[in-house]
Amino acid sequence: MSNPGDLNDAPIESKAQLVALLADGAKPQESWRIGTEHEKFGFVLPGDHSGREAYSAPAYTPKGIESLLEAVMADGRDWQAITDHDKLIGLKGQGDHKGESLSLEPAGQFELSGRPVATLHETRDEMQAHFDAIREPAKALGLGFAPLGFQPLWTRDAMPIMPKSRYAIMRRYMPKVGTLGLDMMTRTCTVQVNLDFGSEEDMARKMRVSLALQPLATALFANSPFYEGKLNGLLSNRAHVWTDTDNARSGMPACCFDDHFGFEQYVDWVLDVPMYFIMRDGEIRDVAGASFRAWLEGKAQPALAGFNPTMGDFEDHLTTVFPDVRLKQFLEMRGADAGSPAMMLAQSALWVGLLYDPATLVAAEALVREQDWSVYRALRAEVPHKAMGADFPGGLRGLAKRVIALAEQGLRARGLGEEVCLAPLHTIADGGPTQAEHWVERFNGAWQGDVRHVFEEAAI
């Protein structure tokens, strides 16, 4: 979302401007970078003497998420406060950390949006530095953090609410368009990697390959088998939530698989996704359900009366669509549960390997085209339940081995020794358990049905 001071108030005079906005993201290969974002749940540590229940959700305040942001900001690093109606809702990196930010998801899920870096080794170091930076301040507040795909214990009503105006609009709107949108907002955590493209053709190829293979990523990175303290037969509750959040703005848009797909086709899809909000005079205005396309065409809509569309409005609107791969001036891979640091690094490695070496990308496209696009859509519906056991022609583990081998090929072509980051995925493809299956085994065995142990064992 645009900050008030950053809002691009240039008027939109034609759709061509919107297409050009996306096209301007193209970069030469030597300028391609890796941006990794990851979320995690906070929890109250045992032994806290403030009257808070162990493993309950930390509130915004007191001794909660706001205090942690303040402590991180005071640790000597360069951070600029991000506020919403004078409430601290995030930090923006300055100086050596320019491009990095800390932000809050609707129920206080704590997110690092990493700066664009050149190598996966830098991604690993940035991730570790982040965990080191928050661990002691969090402990001083009686808090811990665990990266899991879905909140394993708490009910939706037990989740705290962060003071972000955008999220208030979404909370009102979500129940109108799906049954699980509020769960998506409050009880899910993900890891994603943001990657560059060199041209419209390169973008389209990367979109087709990565969108088709997101269900495989969901299976490999499944890490959410619990629902309110119990097993409920799912291995990725997070992915299941996305099947009925708001299907008009999520999933696998059919246009992306068209042989003629490009920036204009994506813009057309985005324009028909209902709006959430616009920013005016530093305030978020609720226009949920309004049509951006109708607004551009000058058609009367009560919520937008008196306002003309700007490029900043469209930039904000781009952030309110949630396909499994999202296009802005880069591509966001969005299909994986948050997980262990090694697995979150492996998620970035998988996509860098597949997409950043041109020869490997061509081979990956040939691989995915062996099946009709409908096969991947069907796989998306099945992997929340079965993960690597989902039905796929020739077996999903067989597909995984081929895809991971290509990713390794792509990383070797970079010549940076990054292929080691794929090691956890080789183990799963060879028959090892997913993270979710590991937790199921612990729940049924050593934990004796007490899911609270997952907070200790998954903690960063």
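To start, this report covers the structure provided alongside it. Every value quoted in this text rests on a predicted model; they were computed, and no experiment measured them.

**Observations regarding the overall build of the chain**
Each helix and strand in the chain was counted, giving 17 helices and 15 strands. The globule rule puts the C-alpha radius of gyration for 460 residues at 23 Å, and the 21 Å found for the chain is close to it. Judged by the C-alpha coordinates and their principal axes, the chain covers about 60 × 55 × 45 Å. Here the chain holds 460 residues, and 57% of them are scored as buried. Carbon and sulfur atoms provide 50% of the accessible area of the chain, an area that totals close to 17,600 Å². Of the charged side chains in the chain, 45 are positive and 63 negative; the average position of the first set lies 2 Å away from that of the second.

**Remarks on the nonpolar core**
Ranked by size, the top nonpolar core spans 132 residues in total, and within it Met207, Tyr266, Phe314, Leu350, Trp351, Leu354 and Leu396 carry the most contacts. Excluding its chain neighbours within four sequence positions, the residues that come into contact with Leu350 are Phe221, Val403, Ile404, Ala407, Leu422 and Leu425. In this structure, Met185, Val241, Trp242 and Phe322 belong to the second largest nonpolar core, which totals 16 residues.

**Section: the environment of Glu437**
Topologically, Glu437 is positioned in helix α16 (residues 435-444). C-alpha separation for the pair Glu437 and Phe131, spaced 306 residues apart in sequence, amounts to 25 Å. Once you skip the residues sitting within four places of it in the chain, Glu437 turns out to touch Leu235, Arg397 and Gly432. Here the side chain of Glu437 touches Thr434 through a polar contact of 2.8 Å, landing on its backbone nitrogen.

**Examining unusual backbone geometry**
The residue after Thr61, namely Pro62, is reached through a cis peptide bond having omega -5°. With respect to the secondary-structure elements, Pro62 resides in the loop between β1 (34-44) and α2 (65-73). Positive phi outside glycine occurs at Asp86, with the angle close to 65°. Checked against the element boundaries, Asp86 lands in the loop between β2 (79-84) and β3 (87-93). With relative accessibility at 76%, the residue Asp86 sits in the exposed group. The residue Glu228 is not glycine, and still its phi comes out positive at about 50°. Along the chain, the position of Glu228 falls in the loop between β8 (226-227) and β9 (230-231).

**Some words on helix α3 (residues 120-140)**
Taking 1.5 Å of rise per residue, the 21 residues of α3 would be expected to cover 30 Å, and the 31 Å separating its terminal C-alpha atoms lies within 8% of that figure. Those residues of α3 that fall on the buried side of the exposure criterion are Leu120, Thr123, Glu126, Met127, His130, Phe131, Ala133, Ile134, Pro137 and Ala138. The backbone nitrogen of His121 lies 3.4 Å from a side-chain oxygen of the residue at the head of α3, namely Thr119. Gly142, located one to two residues past α3, shows a positive phi value of around 75°.

**A word on empty space enclosed by the protein**
Enumeration according to the criterion identifies 2 cavities of 30 Å³ or more in this entry. Counted as a void, the largest cavity has a volume near 60 Å³. Contributing to the lining of the largest cavity are Phe41, Gly42, Ala57, Pro58, Ile65, Ala107, Gly108, Gln109, Trp154, Met159 and Pro160. Its residues assigned to classes, the lining of the largest cavity comprises 8 nonpolar, 3 polar and no charged. Counted as a void, the second largest cavity has a volume near 40 Å³. Lining the second largest cavity, in full, are Leu148, Phe150, Pro152, Asn223, Ser224, Pro225, Phe226 and Val454. Taken together, the residues that form the lining of the second largest cavity break down as 6 nonpolar, 2 polar and no charged.

**Focus on the packing of helix α1 (residues 15-23) against helix α8 (residues 263-271)**
At a closest axis distance of 9 Å, the pairing of α1 and α8 adopts a crossing angle of 115°. At the point where α1 passes α8, the crossing takes the right-handed sense. Residue-level contacts link Lys15, Leu18, Val19, Leu22 and Ala23 of α1 to Phe263, Glu264, Tyr266, Val267, Asp268 and Leu271 of α8. Partitioned by chemical class, the residues of the contact of α1 with α8 number 8 nonpolar, no polar and 3 charged.

**So, the packing of aromatic side chains**
A full pass over the atoms with the stated rule returns 19 aromatic pairs. Relative to Phe392, the ring of Tyr376 lies with its centre 6.0 Å away and its plane at 40°, an arrangement referred to as tilted. Here Tyr376 is found in helix α13 (residues 373-386), whereas its partner Phe392 is found in the loop between α13 and α14 (396-414), with 16 residues between them in sequence. Take Tyr376 and Phe392: they sit in the same class, and that class is buried. In textbook terms, an aromatic cluster arises when at least three aromatic residues are bridged by ring pairs, as seen for Phe43, Tyr55, Trp154 and Phe455.

**Comments concerning the side chain of Thr310**
Mapped onto the fold, Thr310 is located in the loop between α9 (292-296) and α10 (311-318). Look at Thr310 and you get buried, because its relative accessible area is 9%. Excluding residues within four positions of it along the chain, Thr310 makes contact with Asn8, Asp9, Ala10, Pro11, Ile12 and Arg280.

Reading guide: rules and limits
Residues numbered from 1 in each chain as written. Predicted model: local features only at pLDDT ≥ 70, side-chain atom pairs only at ≥ 80, totals over all residues. Heavy atoms only, no water. Helix = DSSP H or I, 4+ residues; strand = E, 2+ residues; numbered from the N terminus. Rg over C-alpha atoms; globule rule 2.2 N^0.38 Å. Buried < 20%, exposed > 50% of the residue type's maximum accessible area, 1.4 Å probe, protein only. Areas by Shrake-Rupley, 256 points an atom, 1.4 Å probe, with all protein chains shown as cover. Lys, Arg positive; Asp, Glu negative; His and termini not counted. Charge placed at Lys NZ, Arg CZ, Asp CG, Glu CD. Core = buried A, V, L, I, M, F, W, Y, C linked by side-chain atoms within 4.5 Å. Contact = heavy atoms within 4.5 Å. Polar contact = N/O pair within 3.5 Å; in protein donor to acceptor, adjacent residues only side chain to side chain. Expected span 1.5 Å × (residues − 1). 1 Å grid on protein atoms, 1.4 Å probe; cavity = no way out; pocket = protein on both sides within 12 Å on 5 of 7 lines; lining within 4 Å. Points joined across faces, edges and corners; volume = space filled by probe spheres on them. Nonpolar A, V, L, I, M, F, W, Y, C, P; charged D, E, K, R; others polar. Axes fitted to C-alpha atoms, helices over the stretch in contact; angles between N-to-C directions. Left-handed = near helix turned anticlockwise from the far one by under 90°. Phe/Tyr/Trp six-rings, centres within 6.5 Å; stacked < 30°, edge-to-face > 60°.

These results come straight from atomic positions and should not be treated as a statement about function.
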